[in-house]
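Coordinates in review
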Amino acid sequence: WSQTVLPAPKPGTPTSRTLLLQNMFTPSAVDLRKEPRFYEEMREDTHDECAKFGKVLHVTVDPRGASGLIYVFYETPQQRLAAEMQLNGRWFEGKKIVAMGIDDSIWEMLAAQAHAG
């Protein structure tokens, strides 16, 4: 993740299977010396919570930026929508989560950045 430019997600459509969660953590407050598995645990916890709404195919925790982004890829758009409805506006560790469907092309951008780094 040497790139500092965050990929700009396109708005989701009714067929989008990707959920973007914002405000899940504060990247600047993460201390990997004290919590070396922070991102892995965040990914596992998010997967477990999001799996309540359907089959989760992939979860990516993005340590960049200021708003604690997590991308979740569902098997179907209906599952993504169910998660979005339940998680948007929920409070997590003192922060209000913003959950929104975004275009599935974000995965190509994330993969390209990971390989470019």
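Residues numbered from 1 in each chain as written. Predicted model: local features only at pLDDT ≥ 70, side-chain atom pairs only at ≥ 80, totals over all residues. Heavy atoms only, no water.

A tally of helices and strands in the protein chain yields 3 helices and 6 strands. When the helices and strands of the protein chain are read in sequence order from the N terminus, they spell out β-α-β-β-α-β-β-β-α. Scaling as 2.2 N^0.38, a compact globule of 117 residues should have a C-alpha radius of gyration of about 13 Å, and the protein chain matches this with 14 Å. With respect to the three principal axes, the spread of C-alpha positions in the protein chain is 40 × 35 × 20 Å. Taking as baseline every contact in the protein chain between residues at least 6 positions apart, the subset at least 24 positions apart corresponds to 71%. With the model as given, the accessible surface of the protein chain reaches about 6700 Å², and the carbon-plus-sulfur share is 54%. The positive charge centre, built from 13 side chains, and the negative charge centre, built from 15, are 3 Å apart in the protein chain. (Helix = DSSP H or I, 4+ residues; strand = E, 2+ residues; numbered from the N terminus. Rg over C-alpha atoms; globule rule 2.2 N^0.38 Å. Contact = heavy atoms within 4.5 Å. Areas by Shrake-Rupley, 256 points an atom, 1.4 Å probe, with all protein chains shown as cover. Lys, Arg positive; Asp, Glu negative; His and termini not counted. Charge placed at Lys NZ, Arg CZ, Asp CG, Glu CD.)

This brings us to unusual backbone geometry. In this structure, Asn23 takes a positive phi of about 70° despite not being glycine. With relative accessibility at 26%, the residue Asn23 sits in the partly exposed group. Despite not being glycine, Glu93 has its phi angle at roughly 50°, a positive value. With respect to the element layout, Glu93 can be found in the loop between strand E4 (91-92) and strand E5 (95-96). Note on Glu93: relative accessible area 66%, which makes it exposed. (Buried < 20%, exposed > 50% of the residue type's maximum accessible area, 1.4 Å probe, protein only.)

Moving on, we come to the confidence of the model for the protein chain. Per-residue confidence for the protein chain gives a mean pLDDT of 91; residues scoring 70 or more make up 94%. When the elements of the protein chain are averaged for pLDDT, helix H3 (residues 106-116) gives the smallest value, 82, and helix H2 (residues 77-87) the largest, 98. (pLDDT = per-residue confidence, 0-100.)

Glancing now at the nonpolar core. Of all hydrophobic cores here, the largest spans 19 residues; its most connected members are Leu19, Leu21, Phe25, Ile70, Val72, Tyr74 and Leu87. Elements with a contribution of two residues or more to this core: strand E1 (18-22), helix H1 (38-50), strand E2 (56-62), strand E3 (69-74) and H2. The residues contacting Ile70, other than those within four sequence positions of it, are Leu19, Leu20, Leu21, Met24, Phe25, Met42, Thr46, Val59, Thr60 and Val61. Leu20, Phe73, Ile102 and Leu110 belong to the second-largest nonpolar core, a separate cluster that totals 8 residues. (Core = buried A, V, L, I, M, F, W, Y, C linked by side-chain atoms within 4.5 Å.)

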